[in-house]
Amino acid sequence: QVQLQESGPGLVKPSQTLSLTCTVSGGSITAKDSSWSWIRQSPGKGLEWMGAIAYDGNFYYSPSLRSQTSISRDTSKNQFSLRLSSVTPEDTAVYYCARGPPLWATYDYWGQGTQVTVSS
């Protein structure tokens, strides 16, 4: 059973960098053909895919967020992380990590999500 858990500060000040970590258990982030994504959801909006890192170390980013998004991984800890720079209150959302696209067609395992509020 694959489990994912998001962690990081729940409050970030405007213009600073939002940083979250996803810890994966029950499966390896380097498993063949796997990819690992960050997704967010704001109130009243649908899920927005932000980016992903694949098992082979390749990165994928949403065009709308690419300039401010950075994804990394620590294979020794079976973790991958998200950094979103220059945040504004519009970046307030529930942030999820999940196993899924682009190398697989759908998401099959999700973390529970973590609320991040951007406010001074």
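Up top you'll find the structure we're talking about.
Definitions and limits used
- Residues numbered from 1 in each chain as written.
- Predicted model: local features only at pLDDT ≥ 70, side-chain atom pairs only at ≥ 80, totals over all residues.
- Heavy atoms only, no water.
- Helix = DSSP H or I, 4+ residues; strand = E, 2+ residues; numbered from the N terminus.
- Rg over C-alpha atoms; globule rule 2.2 N^0.38 Å.
- Buried < 20%, exposed > 50% of the residue type's maximum accessible area, 1.4 Å probe, protein only.
- Contact = heavy atoms within 4.5 Å.
- Polar contact = N/O pair within 3.5 Å; in protein donor to acceptor, adjacent residues only side chain to side chain.
- Phe/Tyr/Trp six-rings, centres within 6.5 Å; stacked < 30°, edge-to-face > 60°.

Describing the overall build of the protein chain
A tally of helices and strands in the protein chain yields zero helices and eleven strands. Along the protein chain, helices (α) and strands (β) appear in the sequence β-β-β-β-β-β-β-β-β-β-β when read from the amino end. Radius of gyration (C-alpha) of the protein chain: 13 Å, near the 14 Å computed for a compact globule of 120 residues. For the protein chain, the spread of C-alpha atoms along the three principal axes comes to 40 × 25 × 25 Å. Out of the 120 residues in the protein chain, the part that is buried amounts to 38%. Sequence-distant contacts in the protein chain: of pairs separated by 6 or more residues, those separated by 24 or more amount to 55%.

A short note on the environment of Thr 21
Within the secondary structure layout, Thr 21 lies in strand E3 (residues 18-25). Through-space distance from the C-alpha of Thr 21 to that of Gln 79 is 6.8 Å; in sequence the pair is 58 residues apart. Aside from chain neighbours lying at most four places away, what touches Thr 21 is Gln 5, Glu 6, Ser 7, Trp 38, Gln 79, Phe 80 and Ser 81. Within the local environment of Thr 21, its side chain forms a polar contact with the side chain of Ser 81, the two groups lying 3.2 Å apart.

Section: the packing of aromatic side chains
Tallied over the entire structure, the rule returns five aromatic pairs. When the centroid spacing of 6.4 Å and the interplanar angle of 10° are considered together, the rings of Phe 59 and Tyr 61 count as stacked. Taking the relative accessible area as the measure of exposure, Tyr 61 reaches 25% and is therefore partly exposed. Both rings, one in Tyr 107 and one in Trp 110, keep their centres 4.9 Å apart while their planes meet at 55°; by these two values the pair is tilted. Residue classification places Tyr 107 among the partly exposed residues on the basis of a relative accessible area of 29%. By relative accessible area, Trp 110 is classed as partly exposed at 33%.

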